Amino acid sequence: MQIDKIEIIPIQIKLTEPFVISKGPLTHARNTVVKIYTKDGNYGIGECCPYRTIHGETQQGTVAAGKDLAQLLIGDDAREIRKLVKKIDKTLAGNASIKAAFDMALYDLNAKASGLPLYRYLQGDNDKKIYTDMTVSLLEKSKMARKARQFVDDGFPVLKVKLGETASKDIERIIAIRKEIGMELDLRIDANQGWNYYEASQALDGMAELNIQHCEAPLAAGDFIGREKLRAESPIPIMGDESVFSHQDAYRNLAIDAIDLINIKLGKSGGICHAMKIASIAQAAGVYCQVGSFSETRLGITALTHFAKAWDNIIYYDLDSPLMQSEDPILGGMVYQKDWEVTLDDTPGIGADFDPLFLNKFEKYLVE
Ligand SMILES: [Mg+2]
């Protein structure tokens, strides 16, 4: 399985409406697709969605880095995933987003070559039931309450609410949503690092009785000491997201009891190879995890669903990014059922691919 050529394709999909988090709005998914071909004519496909405010990576940057990484892998044996991931990490620090697209393509290629769906290649089973949440953007409180109402009417089993402005406004937002939808449905919240310690403390105390499942990223990613203090006092479990890119980050947060839960994203860990290490550390620590994404298409979300099927301690699922996109360019892959269960079939590999007609609309960079 000698790597013969690699294609890097930057794509763009308009969102149905701006997706707003505390760091600002997103109007388009500007993702980068990586296709790794072997000499025998097979290929694996991966995708990443660089968020400049979270990764420090841009789409142009992922294309440039992707061309370098492609150069590095030509002629190598695609079966040696760990060796290739190590080589990539040795050559380029950071850049988790583009690394994830390469890792995803390598896993797709290897699972296809084994004739196995990716979840089975990762020793998972397809009996595990997975239901996605739906996310309410950070807007004015009455708009958020209306959106929440709409998503409840659509049948979503749990909602995720974007916060992280000021404690008092954010408490009002959750009160407005609870007034609209009642107290029963689980809500999870995500401040995307928008609060300082005092605001976070006030916000979480103010929401103690509002049935909040957990809170993602209350504080700046680097504020380990603040998170340790906050987590000890918080009535709501704290989930590490932007503070957990790597397995070392996971261990550092858990070693000082700074988080209760971890949000694993392939676009943060640099792909499946390293995400397994995070899930392992969490499992050893008795810590449950969520899987989440940036604005990947159904391709990236299908890969993530396969990964989630392989880990018992992954129990929360934030797989809604394709639902926010104005077009679905993916053939095959995960299916959203009426009750928002996310299901997979047994097609070998990720089992999803980009429609070639869609990819042909964009510039392709070929390295061989
Ligand atoms: Mg988050």
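Structure shown above.
Residues numbered from 1 in each chain as written. Predicted model: local features only at pLDDT ≥ 70, side-chain atom pairs only at ≥ 80, totals over all residues.

Colleague: Please explain the packing of helix 9 (residues 247–255) against helix 11 (residues 272–284) as it appears in this structure.
Modeller: The description of two helices packed together rests on the angle between their axes and the distance between the axes. Across the interface, helix 9 lies against helix 11 with an axial gap of 8 Å and an inter-helix angle of 20°. The pairing of helix 9 with helix 11 is recorded here as roughly parallel in orientation. Both helix 9 and helix 11 take part in a crossing whose hand is right-handed. Between helix 9 and helix 11, the residues in contact are His247, Ala250, Tyr251 and Leu254 and His274, Lys277, Ile278, Ile281 and Ala282, respectively. Residue classes in the contact of helix 9 with helix 11 are distributed as six nonpolar, two polar and one charged. (Axes fitted to C-alpha atoms, helices over the stretch in contact; angles between N-to-C directions. Helix = DSSP H or I, 4+ residues; strand = E, 2+ residues; numbered from the N terminus. Parallel < 35°, antiparallel > 145°, perpendicular 65-115°, else oblique. Left-handed = near helix turned anticlockwise from the far one by under 90°. Contact = placed C-beta atoms within 7 Å. Nonpolar A, V, L, I, M, F, W, Y, C, P; charged D, E, K, R; others polar.)

Colleague: I'm lost on the sheet that holds strand 4 (residues 134–136) in this one. Help?
Modeller: Two orientations exist for strands paired in a sheet by backbone hydrogen bonds: parallel and antiparallel. The strand order across the open sheet formed by eight strands is 4-5-6-7-8-9-10-11, and the pairing between neighbours is parallel. The open sheet has two edge strands with one neighbour each: strand 4 and strand 11 (314–317). Across the sheet, the mean angle from the axis of one strand to that of its neighbour is 30°, orientation sign disregarded. Of the strands in this sheet, strand 4 and strand 5 (158–162) touch helix 5 (residues 141–153), which is tilted by about 165° from strand 4. (Pairing = 2+ DSSP bridges.)

Colleague: Can you help me understand the environment of Leu73 in this one?
Modeller: With respect to the element layout, Leu73 can be found in helix 1 (residues 59–73). Taking the C-alpha atoms as reference points, Leu73 and Asp4, separated by 69 residues in sequence, lie 8.8 Å from one another. In this structure, Leu73 is in contact with Ile3, Ile6 and Leu84, ignoring residues within four places of it in sequence.

Colleague: Which parts of the structure should I look at to understand the sheet that holds strand 1 (residues 3–21)?
Modeller: Pairing in this open sheet of four strands is antiparallel, and the strands run 3-2-1-16 from one edge to the other. Across the chains shown, the open sheet's two edge strands, defined by having one partner strand only, are strand 3 (43–48) and strand 16 (365–367). The average angle at which neighbouring strand axes cross in this sheet is 20°, direction not considered. Here 14 bridges tie strand 1 to strand 2 (residues 24–38), and the two strands are oriented antiparallel to one another. When the bridges of strand 2 are listed, Ile9 appears paired with Val33. Contacting strand 1, strand 2, strand 3 and strand 16, helix 1 runs over the sheet at an angle of about 160° to strand 1.

Colleague: What is the right way to read the pairing of strand 9 (residues 261–264) from this model?
Modeller: In regular strands, side chains alternate between the two faces of the sheet. Neither face of strand 9 is exposed, since Leu261 and Asn263 on one face and Ile262 and Ile264 on the opposite face are all buried. Relative to strand 9, strand 8 (residues 238–240) runs parallel, the two being bridged by two bridges. The residue of strand 9 that forms the bridge with Gly240 is Ile262. Handedness of the crossover is the feature at issue here: the chain leaves strand 8, passes through helix 9, returns alongside strand 9, and the resulting connection is right-handed. Of the strand pairs in this sheet, strand 9 and strand 10 (residues 289–291) are connected by three bridges, and their pairing is parallel. Looking across to strand 10, one finds that Asn263 is bridged to Gln290. (Buried ≥ 20, exposed ≤ 12 C-beta atoms within 10 Å, placed from the backbone. Right-handed = clockwise from strand over helix to strand, strands pointing away.)

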